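Coordinate analysis (summary)
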Amino acid sequence: MRAKQDIQKLVIIGSGPAAYSAAIYSARANLNPIVFEGFMSGPIGGQLMTTTEVENFPGFPGSILGPKLMENMKEQAKKFGSICLMEDAMQVDFSKEPFVVQGSKSKFLTHTVIIATGANAKRLDIIGANEGEFWQKGVTACAICDGAAPIFRDKELYVIGGGDSAVEEAVFLTKYGKKVYIVHRRDELRASKIMAARALDHPKVEILWNSEIIEILGDKVVTKVVLKNNKTNTKETRDAAGVFFAIGHSPNTSFLNNQIELYPNGYIKVEKGTTNTSIPGIFAAGDVQDYTYRQAITAAGSGCMAALDTEKYLVEKGYLY
Ligand code: NAP
């Protein structure tokens, strides 16, 4: 059976490495993907749009700026015929096929959907931490992306959080910083025992219990933090070159309105080793279904998987000829 003219073969929702990789692969397979890149929902290009140098994406030994990497991915997706729309997907109807994706301007019926809307690192509204202050000038939400920057070398670094991410990022940062402090609001880590031990046993990591950073100070980049002990209410100003938020991520799934199965933490559930969601024909790729790895390269890899899974599904359903 041929795909009807007014029913798309594939709609992709998102514009990060997962979405554009899915678009590149599916466009090359003649699936003519429509890509809802977003508009009000966050920067087109996703989380890499808020980073500077990307040094760990294979193929760029001299590093590449996050926004440039995303511009290249988009160009490559468009080169093979992806239709990129600067629009948010506002609503979806996955109750029956063809599925419906309703954007802020357009509406499409489609045989398949790849959800690649990503996740956003949570941030705190601390004085000095925002855009126009020291955000990306020592304040970041991704130690693994930004930790190797020269401004952090042999300096005091502060990681906020008490979960596995905070521990992992703190231990990672010991490669670069003189000393790494984990600033945790309670007197007990949320991190798993094995991860917690890594922080507690590490000679370059110290945990500041019952503590919060209430202000970030600096000139061109971060130079100091003001810490508050929330039990004693004492305040102290310390030297600092970096503040890293590691307080969790929020997957962007609210527009799905609970139509597909999610994990209790809100991430989309996929069948192990595939990008299949709980609804046949709906696939998920990138950070929206990955709370473990969360790297641009793993997102891109799963975008490729989603495109291949989609093509297989369309062939099996007889929509491709
Ligand atoms: P998480 O487990 O939700 O921990 C978030 C931490 O941030 C908690 O300690 C929390 O404090 C703190 N926090 C949250 N909001 C805060 C606020 N407003 N002010 C100050 N602190 C705040 O998130 P995660 O560490 O990113 O981990 C997410 C998932 O990924 C977990 O399932 C984790 O096991 C997994 N993960 C696994 C690995 C690994 O195994 N290698 C690595 C990273 C992540 P409270 O404890 O007081 O709530």
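Look up a bit, the structure's there.
A brief look at the structure comes next.

Definitions and limits used
- All residue numbers here refer to positions counted from 1 along the written sequence of the relevant chain.
- Local features are withheld for residues below a pLDDT of 70 in this predicted model, meaning they are given only at 70 or higher, and side-chain atom pairs are given and counted only at 80 or more; totals for whole chains, interfaces and linings count all residues.
- Side-chain metrics rest on all non-hydrogen atoms present in the structure, leaving aside hydrogens and water.
- Nearness here has a simple test: a residue counts as near a molecule or strand if at least one of its heavy atoms is within 4 Å of that partner.
- Here a polar contact is recorded for every N or O atom pair within 3.5 Å, except that within protein the pair must consist of a potential hydrogen donor and a potential acceptor, and residues adjacent in sequence are included only if both atoms are side-chain atoms.
- Here, Shrake-Rupley sampling with a 1.4 Å probe gives the accessible areas, and only protein chains in the shown set may cover a residue.
- Helix axes are fitted to C-alpha atoms over the stretch in contact, other axes to C-alpha atoms as well, and angles between N-to-C directions run from 0 to 180 degrees.
- Strands are runs of DSSP state E lasting at least two residues, helices are runs of H or I lasting at least four, and both sets are numbered from the N terminus onward.
- In these notes the angle categories are as follows: under 35 degrees is roughly parallel, over 145 is roughly antiparallel, 65 to 115 is roughly perpendicular, and the rest is oblique.
- Each crossing gets its handedness from the near helix: less than a right angle anticlockwise from the far helix is left-handed, clockwise is right-handed.
- By the convention used here, residues are in contact when the closest approach between their heavy atoms is within 4.5 Å.
- For every residue, the accessible area obtained with a 1.4 Å probe (protein chains only) is divided by the maximum for its type, and the residue is called buried under 20%, exposed over 50%, and partly exposed between those limits.
- Strands pair, by our definition, only if DSSP identifies at least two bridges between them.
- Cysteine sulfur atoms are paired as a disulfide whenever they fall within 2.5 Å.

**A short note on the site of the ligand**
Around the ligand lies a shell of 16 residues, among which Asp164, Ser165, Arg185, Arg186 and Arg190 are the nearest. Take Asp164: an N or O atom from its side chain is 2.5 Å from an oxygen atom of the ligand. Glu168 has a polar side-chain atom sitting 3.0 Å from a nitrogen atom of the ligand. When the ligand is considered free in solution it has 910 Å² of accessible area, and contact with the protein chains removes 71% of it.

**A look at the packing of helix H1 (residues 17-28) against helix H2 (residues 66-79)**
Between H1 and H2, the least distance of the axes is 8 Å, while the angle of their chain directions is 25°. Relative to H2, H1 is oriented roughly parallel. In this structure, H1 crosses over H2, and the sense of that crossing is left-handed. For the pair H1 and H2, contact is made by Pro17, Tyr20, Ala23, Ile24 and Ala27 and by Met70, Met73, Lys74, Gln76 and Ala77, respectively.

**Focus: the environment of Lys78**
Mapped onto the fold, Lys78 is located in helix H2. Residue classification places Lys78 among the partly exposed positions, given a relative accessible area of 47%. It is 22 Å that separates the C-alpha atoms of Lys78 and Lys312, two residues lying 234 residues apart in sequence.

**Description of the sheet that holds strand S14 (residues 211-218)**
Read across the sheet, three strands follow the order S14-S15-S16 without closing on themselves; strand pairing throughout is antiparallel. Here the strands that pair on one side only, and so sit at the sheet edges, are S14 and strand S16 (235-239). When the angles between neighbouring strand axes are averaged without regard to direction, this sheet yields 25°. Judged from the seven bridges that link them, S14 and strand S15 (residues 222-229) form a sheet pairing that is antiparallel. Considered in S15, the bridge of Ile213 is made with Leu227.

**Focus: the state of the cysteines**
Two cysteines joined by a covalent bond between their sulfur atoms form a disulfide. Under the criterion given, the structure shown has one disulfide. Between Cys142 and Cys145 runs a disulfide, and the two sulfur atoms are separated by 2.0 Å. Residues Cys142 and Cys145 are joined by a disulfide whose S-S torsion is about 75°; by sign, that bridge is right-handed. Owing to a relative accessible area of 18%, Cys142 belongs among the buried residues under this scheme. For Cys145, a relative accessible area of 27% puts it in the partly exposed group. Take Cys84: it sits in no disulfide, and the sulfur closest to it among the cysteines is that of Cys304, at 17 Å.

**Some remarks on unusual backbone geometry**
Backbone torsion omega between Glu97 and Pro98 reads 0°, so that peptide bond is classified as cis. Checked against the element boundaries, Pro98 lands in the loop between strand S6 (89-93) and strand S7 (99-103). Of note, Asn258 is a non-glycine position whose phi angle comes to about 60°, a positive value. Tracing the sequence through the fold places Asn258 in the loop between strand S18 (249-251) and strand S19 (282-284). Residue Asn258 is classed as exposed on the basis of its relative accessible area of 67%.

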